[in-house]
Amino acid sequence: MKKLLAKSNFTKAIERPLFAARYLKGKVKANLGYRFGQGYSLSPGRVFFALTGRCNLKCEMCQQYNNETFQEEVAHARECTLEELKTVVDDISGFSPIVIVSGGELFLHKYWFEFLSYIKSKSLFCSIGTNGTFLEKNATKIVEMGLDDISISLDGPKATHDSIRGVSGTYEKAVRGIEKVMEEKKRLGKTKPAITVIFTITPANYRHLPEMVGLMEELGVGTLRVGHLNFLRESDCEAQQAVSKEVFGVEKDTSWSGYIMSLNGFDSAWLSDSIRGIRNDKERGIKVAFFPDFTEDEVVDYYSDGSFHSKSFKNACMVGWDTAVIGPSGEVIICPNYIIGNLCEQSFKNVWNNEKARSFRKKIAKMKELPVCSRGCCFFYT
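In short, a report on the structure. Computed from a predicted model, the values in this text were never measured in an experiment.

1. A look at the overall build of the protein
Thought 1: Each helix and strand counted, the protein has 16 helices and 10 strands in total.
Thought 2: Since a compact globule built from 382 residues should have a radius of gyration of about 21 Å, the 20 Å found for the protein is in line with a globular shape.
Thought 3: In terms of overall dimensions, the protein has a C-alpha envelope of 50 × 50 × 40 Å along the principal axes.
Thought 4: Sorting the 382 residues of the protein into buried and exposed places 54% on the buried side.
Thought 5: A sequence separation of at least 24 residues applies to 73% of the contacts in the protein between residues at least 6 apart.
Thought 6: Looking at the protein as shown, the accessible area adds up to about 17600 Å², and 51% of this sits on carbon and sulfur atoms.
Thought 7: With 51 positive and 46 negative side-chain charges, the protein shows a spacing of 7 Å between the two charge centroids.

Right, dumping it as structure tokens:
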């Protein structure tokens, strides 16, 4: 509740009242279900579509790219048809969640435009996450359809970004895409979509953080969202494997292997000082948000050896009550490698509170968190 009442959330309410209202409604419902539901959950506040597992880049910190099992599955995976996707949207529109669409790279899906247009036809708040390489040629369509929010990943200045993304020219493509969306908003007299640049901290780019603030300010981006790295040690994955097998009946949990990473030489004290300097800079002309919004001491601890437990977050997983992740073939996922059903076969209502979902929630409510949660899950702190 402390995080719900944070100053940043009051700012969101003023700037984006529709988003804020639905966000708050979702959090309240999730907390009620968590406390009193006995495994049952009210409808989720957010529905996240991983529209495709395919991507045109080779990002060094991406757990999907670094997971050979996942890559093999993507190569043979079935993706939902447009009619199936529309049926899912019809199904969820009754409880008006925040809808987030990403991938892989969502623009590689054959029906991305028709799908996003259909979401907006239902008056749902819709945000997309993209690497930005397809934005320029699709900017007019995106603005005209009334999309609410775009998050574009940029990992540093040109050379650093392209190196991390594994494909040259991607920084310039993304920047041109951002500029084109801005141009089309102005030309068409539109205020949407809001543009957020996502800068994910990695060992290769964290010293460029102050520079990125300046670059995005010059570009005219509304918000720079600085995301802390998801990473794990081998011991974390081994501990998770034991829990997955013993508690959840998952014989071989390969979901987390792509997060294993060494942080040798990472100067967490420098990063913490840098974040403090950015927060204290009252002259900057861009909003900078940090996610998770750790304290300066927590930043140091997060990137250090040993276990990590936040003092400013509740350290309890709420994802199974708050967020439904829908995979490329319609599978409903409430924790990586834990699928509770498929929306190509059943309605959302019948899947969301089925026996498998309730069993998972009861166990998570008792355990609070899993061995991989505190550093390995981007949803753990939302």
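2. Concerning the side chain of Arg 46
Thought 1: Summarising the element assignment, Arg 46 is placed in strand E1 (residues 46–50).
Thought 2: For Arg 46, the side chain forms a polar contact with the side chain of Asp 322, separated by 2.7 Å.
Thought 3: There is a polar contact of 2.9 Å between the side chain of Arg 46 and the side chain of Thr 323.
Thought 4: Ignoring any residue separated from it by four or fewer positions in sequence, one finds Arg 46 in contact with Lys 27, Pro 97, Ile 98, Ile 100, Asp 322, Thr 323, Ala 324, Phe 379 and Thr 382.

3. Some remarks on helix H10 (residues 234–246)
Thought 1: Here H10 is 13 residues long and its end C-alpha atoms lie 19 Å apart, about the 18 Å a rise of 1.5 Å per residue gives.
Thought 2: For H10, every residue scored as buried is listed here: Asp 236, Cys 237, Gln 240, Val 243 and Ser 244. Take H10 and look down its axis: the buried residues cluster within an arc of 125°, on one side only. Projecting away from the buried face of H10 at angles above 90 degrees are the exposed residues Glu 234, Glu 238 and Glu 246.

Parameters at a glance
- Residues numbered from 1 in each chain as written.
- Predicted model: local features only at pLDDT ≥ 70, side-chain atom pairs only at ≥ 80, totals over all residues.
- Heavy atoms only, no water.
- Helix = DSSP H or I, 4+ residues; strand = E, 2+ residues; numbered from the N terminus.
- Rg over C-alpha atoms; globule rule 2.2 N^0.38 Å.
- Buried < 20%, exposed > 50% of the residue type's maximum accessible area, 1.4 Å probe, protein only.
- Contact = heavy atoms within 4.5 Å.
- Areas by Shrake-Rupley, 256 points an atom, 1.4 Å probe, with all protein chains shown as cover.
- Lys, Arg positive; Asp, Glu negative; His and termini not counted.
- Charge placed at Lys NZ, Arg CZ, Asp CG, Glu CD.
- Polar contact = N/O pair within 3.5 Å; in protein donor to acceptor, adjacent residues only side chain to side chain.
- Expected span 1.5 Å × (residues − 1).
- Arc of directions from axis to C-beta.

What is shown is where atoms sit, not what they do.
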